[in-house]
Amino acid sequence: MELSKNYIPGEVETKWYKHWIDQGYFHSEPNDKPAYTVVIPPPNVTGVLHMGHCLNNTIQDILVRRARMQGMNPCWVPGTDHASIATEAKVVAMLRERGIAKSSLSRDEFLGYAWEWKEKYGGIILQQLRKMGCSLDWDRTSFTMDPDYYETVIKVFVDLYNKGKIYRGKRMINWDVRAKTALSDEEVIHKEVNGKMYHIRYKLDMPGEEYITIATVRPETIFGDTAICVHPKDDRYKNLVGKHAFVPMINRRIPIIADDYIEMEFGTGALKVTPAHDINDFNLGQKHGLEVIETLNEDGTMNEEAPMYMGKDRIEVRKIIADDLEASGNLVKLEDYVNQVGFSERTDAIVEPRLSLQWWVDMKQLAGPALEAVMSDEIQFHPAKFKNVYRHWMDNIKDWCISRQLWWGHRIPAWYDVDGNVYVAENEAAVNEKYPETKGKTLTQDSDCLDTWFSSWLWPIEVFKGMSNPNNAEINYYYPTSTLVTAPEIIFFWVARMIMAGEEYMGKIPFKDVYFTGIVRDKQGRKMSKSLGNSPDLLGLIDQYGADAVRFGIMIASPAGNDLLFDESTLEQGRNFNSKLWNAAKLLKMWETRIDTGINNKGDVPQDAAFAMDWFQAKLSATQVEVDSMLKEFRLSEALKTIYGLIWDDYCSWYLEWIKPGFEQAIHADVYNKSIEFYDSLLQLLHPFMPFITEELHHALKTQTEDLCVKEYETIGKVDEAVLNAGALLKNVISTLRDARNKNQIKPKDAIDLHIQSENNAAYQRIENILAKQINAKSIAYTQASIGSSIVVALEKDKFYLVADQAIDTASLKENLLKDLAHQQGFLASVEKKLSNEKFVQNAKPEIIAIEQKKKADALARIQTIEESLAQL
RNA sequence: GGGAGCAUAGCUCAGUUGGUUCAGAGCAUCUCGUUUACACCGAGAGGGUCCGCGGUUCGAGCCCGUGUGCUCCCA
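Residues numbered from 1 in each chain as written. Chains lettered and ligands numbered in written order. Predicted model: local features only at pLDDT ≥ 70, side-chain atom pairs only at ≥ 80, totals over all residues. Heavy atoms only, no water.

J.: Looking at this model, I keep getting lost on the overall build of chain A. Mind explaining?
T.: The number of helices and strands found in chain A is 28 helices and 31 strands. For 873 residues, the compact-globule estimate of 2.2 N^0.38 gives 29 Å, and chain A exceeds it by more than 25% at 37 Å. Along the first, second and third principal axes, the C-alpha atoms of chain A reach 115 × 65 × 55 Å. Looking at the 873 residues of chain A, the share that counts as buried comes to 53%. In chain A, the proportion of contacts linking residues at least 24 apart, taken out of those at least 6 apart, comes to 77%. Carbon and sulfur atoms provide 49% of the accessible area of chain A, an area that totals close to 39400 Å². Of the side-chain charges in chain A, 101 are positive and 125 negative, and the distance between the mean point of each set is 2 Å. (Helix = DSSP H or I, 4+ residues; strand = E, 2+ residues; numbered from the N terminus. Rg over C-alpha atoms; globule rule 2.2 N^0.38 Å. Buried < 20%, exposed > 50% of the residue type's maximum accessible area, 1.4 Å probe, protein only. Contact = heavy atoms within 4.5 Å. Areas by Shrake-Rupley, 256 points an atom, 1.4 Å probe, with all protein chains shown as cover. Lys, Arg positive; Asp, Glu negative; His and termini not counted. Charge placed at Lys NZ, Arg CZ, Asp CG, Glu CD.)

J.: Looking at this structure, how should I read the protein's contact with RNA strand B?
T.: In the vicinity of RNA strand B lie 43 residues, with Ser579, Trp648, Phe663, Gln824 and Lys855 positioned nearest. Here Gln573 contributes a side-chain N or O atom positioned 3.4 Å from a sugar or linking oxygen of RNA strand B. Those elements giving two or more residues to the surface near RNA strand B turn out to be helix 10 (386-395), helix 18 (569-592), helix 20 (636-659), helix 23 (721-743), helix 26 (810-836), helix 27 (838-843) and helix 28 (846-872). Ranked by residues supplied to the surface near RNA strand B, first place goes to helix 18 with 10 residues. Residues belonging to the surface near RNA strand B are distributed by class as follows: 15 nonpolar, 16 polar and 12 charged. (Near = heavy atom within 4 Å. Polar contact = N/O pair within 3.5 Å; in protein donor to acceptor, adjacent residues only side chain to side chain. Nonpolar A, V, L, I, M, F, W, Y, C, P; charged D, E, K, R; others polar.)

J.: Looking at this structure, I do not really get the nonpolar core. What am I missing?
T.: Soluble globular proteins tend to pack their nonpolar side chains together in the buried interior. Residues Phe454, Tyr679 and Leu754 are the most contacted members of the largest nonpolar core, which totals 192 residues. Examining the composition of this core, we find that 14 residues originate from one element, helix 20, more than from any other. Those residues in contact with Phe454 that lie beyond four places of it in its chain are Val153, Val156, Phe157, Leu160, Ile166, Val361, Trp400 and Ile402. Counting residues in hydrophobic clusters, the runner-up holds 26 residues, among them Leu204, Val247, Ala322 and Leu331. (Core = buried A, V, L, I, M, F, W, Y, C linked by side-chain atoms within 4.5 Å.)

J.: Just to check I follow, could you spell out the domain arrangement of chain A for this structure?
T.: Interface extent is often summarised as the accessible area lost during association of the parts. Assigned domains of chain A: these are domain 1 (27-165 + 363-411 + 448-517), domain 2 (181-352), domain 3 (413-446) and domain 4 (540-719). On a C-alpha basis, the centroid separation for the pair domain 1 and domain 4 is 37 Å. With 25 residues of domain 1 in contact, the opposing surface of domain 4 contributes 31 residues. For the pair domain 1 and domain 4, the summed buried surface comes to about 2500 Å²; carbon and sulfur atoms form 70% of the total. The three residues of domain 1 that bury the most area against domain 4 are Ile62, Arg66 and Met69, which together make up 31% of that side's buried surface. (Domains from an automatic or database assignment. Buried area = accessible area lost by both parts, 1.4 Å probe.)

J.: Help me understand the packing of helix 3 (residues 84-97) against helix 4 (residues 107-121), please; the structure alone is not making it clear to me.
T.: Describing two packed helices takes the angle between their axes plus the distance from one axis to the other. For the pair helix 3 and helix 4, interaxial distance at closest approach is 10 Å and the crossing angle is 100°. One finds that helix 3 runs roughly perpendicular with respect to helix 4. Of helix 4, the residues touching helix 3 (which contributes Thr87, Glu88, Lys90, Val91, Val92, Met94 and Leu95) are Phe110, Tyr113, Ala114 and Trp117. Residue composition of the contact of helix 3 with helix 4, by class: eight nonpolar, one polar and two charged. (Axes fitted to C-alpha atoms, helices over the stretch in contact; angles between N-to-C directions. Parallel < 35°, antiparallel > 145°, perpendicular 65-115°, else oblique.)

J.: Would you mind showing me how to read the side chain of Ser621 here?
T.: One can find Ser621 in helix 19 (residues 607-632). Apart from the residues within four sequence positions on either side, Ser621 is in contact with Ile716, Gly717, Lys718 and Val719.

J.: Looking at this model, I keep getting lost on the sheet that holds strand 28 (residues 752-757). Mind explaining?
T.: Two modes of strand pairing occur in sheets, parallel and antiparallel, and in both the strands are linked by backbone hydrogen bonds. If you walk across this open sheet you meet the four strands as 29-28-31-30, and the pairing is mixed. Sheet topology places strand 29 (777-782) and strand 30 (791-795) at the edges, where each strand pairs with a single neighbour. Between one strand and the next, the sheet's axes are offset by a mean angle of 20°, whatever the strand orientation. As defined by bridge partners, strand 28 adjoins strand 29 across five bridges and the pair is classed as parallel. Bridging from a neighbouring strand, Asp753 pairs with Ser779 of strand 29. Strands in contact with helix 25 (residues 768-775) are strand 28 and strand 29; relative to strand 29, the strand with the most contacts, it is inclined by about 135°. Packed onto the sheet, helix 28 meets strand 30 and strand 31 (798-803) and runs at close to 175° relative to strand 30. (Pairing = 2+ DSSP bridges.)

J.: How should unusual backbone geometry be read in this particular structure?
T.: With the exception of glycine, most residues fall at negative phi, and the peptide bonds are largely trans. Cis geometry marks the peptide bond from His382 to Pro383, where omega comes out at -5°. Counting through the fold element by element, Pro383 comes out in the loop between strand 15 (380-382) and helix 10. In this structure, the amide linkage connecting Tyr479 to the following residue, Pro480, adopts the cis form with an omega of -5°. The residue Pro480 is located in the loop between helix 14 (473-478) and strand 22 (481-486) in this model. Look at Asp348: it is not a glycine, yet its phi comes out positive at around 65°. With respect to the element layout, Asp348 can be found in the loop between strand 13 (331-344) and strand 14 (352-361).

J.: Honestly, the environment of Lys243 in this entry has me stumped. Any pointers?
T.: Examined against the element boundaries, Lys243 turns out to sit in the loop between strand 9 (227-230) and strand 10 (244-246). Along the backbone, Lys243 and Ile256 are 13 residues apart, and their C-alpha atoms lie at a distance of 5.7 Å. Discounting chain neighbours no more than four positions away, the residues touching Lys243 are Met206, Ile254, Pro255 and Ile256. At 3.1 Å, the side chain of Lys243 forms a polar contact with the backbone oxygen of Asn239.

J.: When you look at helix 5 (residues 124-131) in this model, what are you seeing that I'm missing?
T.: Considered for burial, the residues of helix 5 that qualify are Ile125, Leu126, Gln128 and Leu129. Looking straight down helix 5, one finds that the buried residues subtend no more than 160° of arc, so they occupy a single side. Where helix 5 is buried, its residues touch helix 2 (51-69), strand 3 (79-80) and helix 16 (538-545). Among the residues trailing helix 5, Gly133 stands out with phi positive, at a value near 90°. (Arc of directions from axis to C-beta.)

J.: Sorry if this is basic, but what is going on with the packing of helix 1 (residues 9-22) against helix 22 (residues 691-701) here?
T.: Contact pair helix 1 / helix 22: the axes reach a minimum separation of 9 Å and the direction vectors enclose 85°. Here helix 1 lies roughly perpendicular to helix 22, going by the angle between them. Residue-level contacts link Val12, Glu13, Lys15, Trp16, Tyr17 and Trp20 of helix 1 to Pro691, Phe692, Glu695, Glu696 and His699 of helix 22. For the contact of helix 1 with helix 22, a count of residues per class yields six nonpolar, one polar and four charged.

J.: I'm lost on the packing of aromatic side chains in this one. Help?
T.: Two aromatic rings are characterised by how far apart their centres lie and by the angle between their planes. Taken as a whole, this structure holds 42 aromatic pairs when the rule is applied. With 6.4 Å between their ring centres and 40° between their planes, Phe611 and Trp658 make a pair best called tilted. Remark: Trp658 occurs in helix 20 and Phe611 occurs in helix 19; sequence separation between them is 47 residues. On the numbers, 6.0 Å between centres and 65° between planes, the contact of Trp615 with Phe616 is edge-to-face. Residue class for Phe616 comes out buried when judged on its relative accessible area of 0%. These aromatic residues form a ring-pair network of at least three members: Phe611, Trp615, Phe616, Tyr651, Trp654, Tyr655, Trp658, Phe678 and Tyr679. Sitting over the ring of Trp138, Arg130 keeps its end group 3.7 Å from the ring centre. Across the ring face of Tyr211, the terminal group of Arg201 is positioned such that the distance to the ring centre comes to 3.8 Å. (Phe/Tyr/Trp six-rings, centres within 6.5 Å; stacked < 30°, edge-to-face > 60°. Lys NZ or Arg CZ within 6 Å of the ring centre and 35° of its normal.)

J.: When you look at the pairing of strand 30 in this model, what are you seeing that I'm missing?
T.: Successive residues of a regular strand alternate their side chains across the two faces of the sheet. Counting buried residues in strand 30 gives five out of five residues, a clear majority hidden from the surface. Neither face of strand 30 is left uncovered, since the one carrying Ile791, Val793 and Leu795 and the one carrying Val792 and Ala794 both have all their residues buried. Across five bridges, strand 30 lies against strand 31 in antiparallel orientation. Each bridged residue has a counterpart across the sheet, and for Leu795 the counterpart in strand 31 is Asp798. In this antiparallel pair of consecutive strands, strand 30 and strand 31, the connection spans two residues, and Glu796 shows a positive phi of 50°.

J.: Got a minute to help me understand the environment of Ala844 in this structure?
T.: Tracing the backbone shows Ala844 in the loop between helix 27 and helix 28. Distance in space between the C-alpha atoms of Ala844 and Lys15 is 62 Å, their sequence separation being 829 residues.

J.: Got a minute to help me understand the sheet that holds strand 22 in this structure?
T.: Read across the open sheet, the three strands follow the order 15-23-22; overall the sheet is parallel. Sheet topology places strand 15 and strand 22 at the edges, where each strand pairs with a single neighbour. Across this sheet, the average inter-strand angle for adjacent strands is 20°, counted without regard to direction. As paired elements, strand 22 and strand 23 (residues 511-516) share five bridges and run parallel to each other. When the sheet's bridge partners are listed, Leu484 is paired in strand 23 with Val514. Most of the contacts of helix 15 (residues 491-506) go to strand 23, to which it runs at about 170°, and overall it touches strand 15, strand 22 and strand 23.

Written out as structure tokens, the structure is:
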């Protein structure tokens with residue numbers, strides 16, 4: 001097979017992905033091999049591939065492909081999440097564009113549109129994952145609203161209700177005024193906002209014109225005020241406690257109470273208490289038995305409690321009311337103030353605390369075993385620093401609000417009779433059976449849906465039908481899954497809750513390792529976002545650079561446990577790496593036609609080539625061991641860097657040059673075959689990271705019986721340390737002599753004569769040819785004495801004399817030697833100081849002292865060599 | 001307000017139990033070079049007060065304290 005001049009990714013990628021699928025390599029069935037299970041974090045059904053997905057799924061694919069090549073039975077399950085609020089928002093927007101209001105539709109009509117939309121646009125992302133080469137088992141594609149899955153979610157709700165772990169309660173929740181639904185705490189994003197602090201005076205209910213001044217950032221909430229609170233020890237207000245004041249504009253009479261919750265230094269030290277619109281005020285109200293007055297409609301406009309502003313949005317009212325208060329003389333002061341405001345993750349609306357009747361999961365009971373599983377390292381977090389974050393959250397866990405005022409999702413299985421009694425069961429028939437008193441009564445189902453995460457916390461179980469068909473062969477084989485790869489942002493949303501569900505319903509943890517990826521940011525460290533326009537088009541990048549280059553680029557820039565700053569230049573590096581791989585293969589193919597088939601073939605492999613082969617074998621084994629341990633510790637980026645260096649530097653720059661035959665000369669068959677074998681091992685090592693080009697080249701090298709994708713790694717050979725060291729010495733000698741040539745401005749084309757003065761000539765004799773080739777020497781000789789008019793280079797205890805035709809720049813040579821001498825002398829001094837320190841000799845471990853003594857001896861020898869060289873100049 | 005983490009070369013990061021010539025890698029930069037795989041290349045070089053201060057120790061990039069700056073999570 002002839003290789004084209006350049007590697008062209010497009011066709012190759014399509015060809016191999018289709019081949020892998022046709023061969024069924026990605027499909028898994030339970031068998032005798034150990035399972036390696038990964039469930040994809042299901043992207044939103046509305047999703048399109050972005051850089052975060054690219055990173056996350058590349059990592060999963062690396063782990064899965066590696067497991068496959070290690071002879072395990074990997075199963076990577078794809079799927080999507082119905083994403084109730086995000087999807088409903090998109091469908092509503094789509095309908096609005098068509099001139100249809102959601103309010104004009106029945107629930108069923110709306111869901112009809114939603115399903116239609118889901119079938120049309122949902123799961124585009126799954127198609128895009130194929131482009132990246134992800135080895136997902138497509139036959140197992142799941143959706144969180146598949147019929148079985150839906151039933152399971154309902155079953156879990158009923159079960160937790162029966163166990164008393166789900167309850168209905170009126171609580172302060174986060175209200176999204178745009179989506180008109182409750183949000184969980186995790187769906188609220190806190191941001192700093194520049195606002196104003198309003199100092200407002202309330203007239204006291206006593207003779208004369210006496211006032212108390214409060215400070216607030218939300219003057220529009222005064223209509224909900226039911227008390228003013230001060231600190232009991234605050235001398236300014238002590239005499240007012242127990243008295244009353246009037247809310248401006250509406251003149252409601254409210255009590256002045258005392259509580260040590262108040263911070264005296266903050267604002268005026270007097271707090272207006274609005275139990276309906278602030279969580280802290282609500283708690284305070286509960287404690288003091290205050291009235292709760294709601295002043296907002298569900299869309300964020302003011303209601304009849306604020307007659308003069310009724311129907312106006314609260315944010316708008318904030319501006320108007322300041323003027324009105326000022327006009328009436330009740331606005332005492334206005335100052336700039338920065339405060340934290342909660343925004344809806346989905347709609348970006350400012351979230352309002354709102355009192356409402358919602359469904360809750362009691363988390364305290366579920367949290368215990370889930371915390372223990374992580375703290376005991378039964379589940380391992382990578383990086384481990386997230387254990388702290390996890391513990392802190394679990395220790396302070398709050399109940400989970402799971403009802404959402406939406407239609408798209410799993411409808412809450414609760415029914416109400418006309419009197420408002422609540423009955424919970426799988427369906428109406430089950431209700432009648434469970435609660436016989438309901439027979440014949442008119443029942444209405446709760447119109448709300450469940451939080452999306454209430455279905456995704458069952459993902460690792462239900463993708464194998466572990467709950468809809470308990471104890472089936474697949475769940476028993478694939479569960480617990482092996483590794484979960486996800487973003488730290490959803491550690492509480494998802495990871496913690498999956499652990500809870502796993503413990504609750506399987507009695508087992510859902511996964512053994514959790515790898516948290518970093519967040520993909522742009523070059524300046526900003527998060528990628530649509531509004532900033534700094535999110536590159538991933539498919540465009542794949543078209544431009546090839547999928548392998550994109551995978552390389554994102555992985556090489558992705559230090560374990562840190563965010564990664566995405567820069568297109570790393571994709572360029574990936575593309576260049578493709579070229580390097582391609583060109584190395586081209587070189588090998590060129591030699592294929594020059595294999596020595598004659599008499600020489602029977603002869604021994606030339607000594608220098610034999611050395612090169614031994615050395616690379618050792619280097620390869622050592623690196624395989626290294627990569628193996630890095631991957632075990634999830635240090636993927638480092639593993640890739642290591643492989644990159646092995647291929648580019650050790651194989652291409654050193655090994656291939658060392659065995660390269662002379663111009664149009666033959667190559668020994670053993671050397672050729674070994675080189676092909678090495679190269680194939682490199683491709684195999686790299687394959688999980690860059691699957692397409694490696695598969696292509698694997699087949700290009702020679703006729704293969706097996707695809708690289710499923711070729712199992714062989715046991716790693718023993719590492720020959722002596723050969724490794726000899727190779728390192730050779731590289732060092734070559735670099736040093738090349739440097740000497742450079743510094744003395746010897747042109748690359750000008751061959752030199754090299755004289756070596758060493759106590760160990762044999763070490764050099766077997767690598768003479770390599771050395772001569774690499775430093776362009778026309779002769780190599782061994783000497784006992786110095787050589788006149790030559791460039792002298794000292795390395796360890798050996799000296800090298802370079803004889804060139806041109807004049808020698810003794811000045812710069814001398815300068816370098818003197819520099820080196822000074823360095824060595826300084827080093828020697830520090831070592832001697834250490835050794836003459838009695839305390840060091842007494843306290844340090846013997847092996848450390850031995851090392852110091854060797855350092856001293858080496859330095860002395862080296863100084864002697866340099867001094868001799870200097871003497872000759 | 002509570003909690004977690006980070007600070008090492010121009011940039012992004014390694015640096016394990018305190019001890020080897022330990023101060024490293026990749027990218028970027030500079031010099032030289034188109035020699036028969038590759039200029040998407042080759043050969044070579046320069047570049048750091050390991051954030052500041054104090055402490056423990058024979059010995060600190062690493063341990064302790066403290067200050068400064070930054071990031072994230074939660075309220």
